[in-house]
Amino acid sequence: MVNISIHQLLNLYCFKGIKLDGCNIIGYTAWSLMDNFEWPRGFSEKFGLYHVNFTDPKRARTPKASARYYKQLVQENGFSPGYTGEGGRGIAPTHEHGIYYDTFPEDFVWSTATAAYQVEGAWDVDGKGRW
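Numbers given to residues run from 1 along each chain, matching the order in which its sequence is written. Under the rules for a predicted model, residues below a pLDDT of 70 receive no local features and side-chain atom pairs below 80 are neither given nor counted, while totals for whole chains, interfaces and linings still include all residues. As a rule here, side-chain values cover all heavy atoms of the structure and leave hydrogens and water aside.

Let us now look at the nonpolar core. What makes a nonpolar core is a set of buried Ala, Val, Leu, Ile, Met, Phe, Trp, Tyr and Cys residues whose side-chain atoms join them at distances within 4.5 Å. For the exposure calls, accessible area comes from a 1.4 Å probe over protein chains only, and a residue counts as buried if that area is under 20% of its type's maximum, exposed if over 50%, partly exposed in between. Grouped together as the largest cluster of nonpolar side chains are 16 residues, with contacts concentrated most on Y28, Y70, L73, F79, F104, F108 and W110. Counting from the N terminus, the helices are DSSP H or I runs at least four residues long and the strands are E runs at least two residues long. When residues of this core are traced back to their parent elements, those giving at least two are α1 (4-19), β1 (27-31) and α2 (65-76). Considering every element that reaches this core, the biggest residue donor is α1, with five residues. Residue contacts are counted whenever heavy atoms from the two residues lie within 4.5 Å of one another. Ignoring any residue separated from it by four or fewer positions in sequence, one finds Y70 in contact with Y28, A30, L49, W110, S111 and T112.

Put into structure tokens, the structure is as follows:
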């Protein structure tokens, strides 16, 4: 299950790669925006930033704490000390190997990915799902 600590750790490694090792890391994509269908586990794994209620015909979505964390990380473009929002970064990285709270490069790209067509049923719209 992907949660705040996983996103924090992955972004910390990206951050350290850029700041300590001079790696050309241009962005981070959080998978997945919404809970969705995962092979071979179906809808049983819920690791999206947004919970999808699959029993509701409208597929209601509710932001998880990880969505609030990721939103804050993107808005601040990096790590700030302390907890500054609901579901925010109560687990901000501490000083480690010369890394203090800091920001990513200005042109760093933040994104999310999803397979919403699997949730919405659009995979079969206009025959797209047919061979």
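Across the interface, α1 lies against α2 with an axial gap of 9 Å and an inter-helix angle of 30°. Taken together, the axes of α1 and α2 lie roughly parallel to each other. Across the interface between the two elements, I4, H7, Q8 and N11 of α1 pack against A65, S66, Y69 and L73 of α2. Class assignment for the residues of the contact of α1 with α2 results in four nonpolar, four polar and no charged. Note on geometry: axes are C-alpha line fits, over the in-contact stretch for helices, and angles between N-to-C directions span 0 to 180 degrees. Working definition: roughly parallel below 35 degrees, roughly antiparallel above 145 degrees, roughly perpendicular at 65 to 115 degrees, and oblique for all remaining angles. Nonpolar residues are Ala, Val, Leu, Ile, Met, Phe, Trp, Tyr, Cys and Pro. Charged residues are Asp, Glu, Lys and Arg, and all others, Gly as well, are polar.

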